[in-house]
Amino acid sequence: NRLVSGRDGNAPLPCATCTTGTTAQRRPLYPNFERVTLIEPVGKSYYHSMQLTAERRFTDGLSIMTNYTWSKVIDNNQGSANKATGVSVTNPLNQRHDRGLADYDKPHVFNFSALWELPIRFDNSTTQTILGGWNVTSIVSLYSGYPFSVYSGVDNARTGQGGQRADITGNPDLGDDRDRGAIVAEYLDKDAFSPNDLGAYGTQGRNTFRSPGYANVDLGIHKQFAVAEEMNIEFRFEMFNAFNRVNLRGPTTSLTSGNFMRITSASDPRILQFALRFVF
């Protein structure tokens, strides 16, 4: 409770017959002030979750741990991570207009990690030093995509407030049986959205839609080489996104953009990394 929230305390009332050229003149404190950002402790967030964790150590050097979180985060601040540096309320007369899923809401989060001390032993101390004592690690991460809103890209409310959401005029769902190329080209049906009506902030709820989910596997192999009693060198070879899976980010969400509903970015591809660490 009482999270920081930024609201324009000098915003003009919505007007269906006005133009954006008269925004400043219609502000209550015109001509002495334009936007007056009020930083207020009226933000709220709600988090509920079920969290499960399981861990097991086996006798042959294998250790595994897995956890799953099923959760929901709701707040009433556009942008969620508000730093009190600007306006975060779309409708200054109605804080609940921005009540919806938090920008970082992920209803399903699953992680699995494993460490295996390879059971390779050699009688020869030199051979054991070089070829024995290797560890293999793995991390599997699966989670839901982040929520997002679709924006009109214009100030149809005629209040000088950004973040006005588009109206939903049809069914935006294009189905889950499309190939990646079709999903990238048009994530949701563009024709299902229209700019918000004049004098209104838009009827669409905040963060109504969700970006593609994320799945990733990291693999690594490492070993420590003893140098002295309290000194060792650790060698690591790691593969991030080992199977080079394409994890798509969210689409462009402004109706006025030429890339509206097109996905233009993805998470990192496979990355290989070698590392040496001297510990003393």
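Data block above holds the structure.
Residues numbered from 1 in each chain as written. Predicted model: local features only at pLDDT ≥ 70, side-chain atom pairs only at ≥ 80, totals over all residues. Heavy atoms only, no water.

Colleague: Now, about the layout of surface pockets: what can you tell me, with residues and values included?
Modeller: As a volume, the largest pocket reaches approximately 400 Å³. When residues of the lining of the largest pocket are traced back to their parent elements, those giving at least two are helix H2 (180-185) and strand S11 (209-210). Its residues assigned to classes, the lining of the largest pocket comprises 8 nonpolar, 3 polar and 6 charged. Taken as a whole, the second largest pocket encloses approximately 180 Å³ of empty space. In terms of lining, the second largest pocket is formed by 13 residues, of which the most central are Tyr146, Pro212, Leu248, Arg249 and Ser267. Across the lining of the second largest pocket, the residue classes tally to 5 nonpolar, 7 polar and 1 charged. (1 Å grid on protein atoms, 1.4 Å probe; cavity = no way out; pocket = protein on both sides within 12 Å on 5 of 7 lines; lining within 4 Å. Points joined across faces, edges and corners; volume = space filled by probe spheres on them. Helix = DSSP H or I, 4+ residues; strand = E, 2+ residues; numbered from the N terminus. Nonpolar A, V, L, I, M, F, W, Y, C, P; charged D, E, K, R; others polar.)

Colleague: Requested: an account of the environment of Arg236, with residues and values cited.
Modeller: Locating Arg236 in the fold gives a position in strand S13 (residues 231-240). What makes Arg236 partly exposed here is its relative accessible area of 24%. Remark: the alpha-carbon pair of Arg236 and Asp167, spanning 69 residues in sequence, is separated by 52 Å. Look past the residues within four positions of Arg236 in its chain and what remains in contact with it is Ile221, His222, Gln273, Phe274 and Ala275. A polar atom in the side chain of Arg236 sits 3.1 Å from the side chain of Glu234. (Buried < 20%, exposed > 50% of the residue type's maximum accessible area, 1.4 Å probe, protein only. Contact = heavy atoms within 4.5 Å. Polar contact = N/O pair within 3.5 Å; in protein donor to acceptor, adjacent residues only side chain to side chain.)

Colleague: Give me the state of the cysteines: which residues, what numbers.
Modeller: Per the stated rule, a full pass over the model turns up 1 disulfide. Between the sulfur of Cys15 and that of Cys18 lies a disulfide, 2.0 Å long from S to S. Torsion about the S-S bond of the Cys15 and Cys18 cystine: about 70°, corresponding to right-handed handedness. For Cys15, a relative accessible area of 13% puts it in the buried group. (Disulfide = S-S within 2.5 Å.)

Colleague: A description of the pairing of strand S12 (residues 214-228) should follow, citing residues and the corresponding values.
Modeller: In terms of strand pairing, strand S7 (residues 135-143) meets S12 through 9 bridges, oriented antiparallel. Within S12, the residue paired with Ser141 across the bridge is Asn216. For S12 and S13, the ladder comprises 9 bridges, and the chain directions are antiparallel. Bridging from a neighbouring strand, Phe225 pairs with Ile233 of S13. (Pairing = 2+ DSSP bridges.)

Colleague: Give me the lowdown on the nonpolar core, citing residues and values where you can.
Modeller: Among the nonpolar cores identified, the biggest contains 12 residues, and these are Phe148, Val150, Ala166, Tyr187, Leu188, Ala192, Phe193, Phe209, Leu248, Phe260, Met261 and Ile263. Here Met261 is in contact with Phe148, Val150, Val184, Ala185, Glu186, Tyr187, Leu188, Lys190, Phe193, Pro251 and Thr252, once residues within four sequence places are set aside. (Core = buried A, V, L, I, M, F, W, Y, C linked by side-chain atoms within 4.5 Å.)

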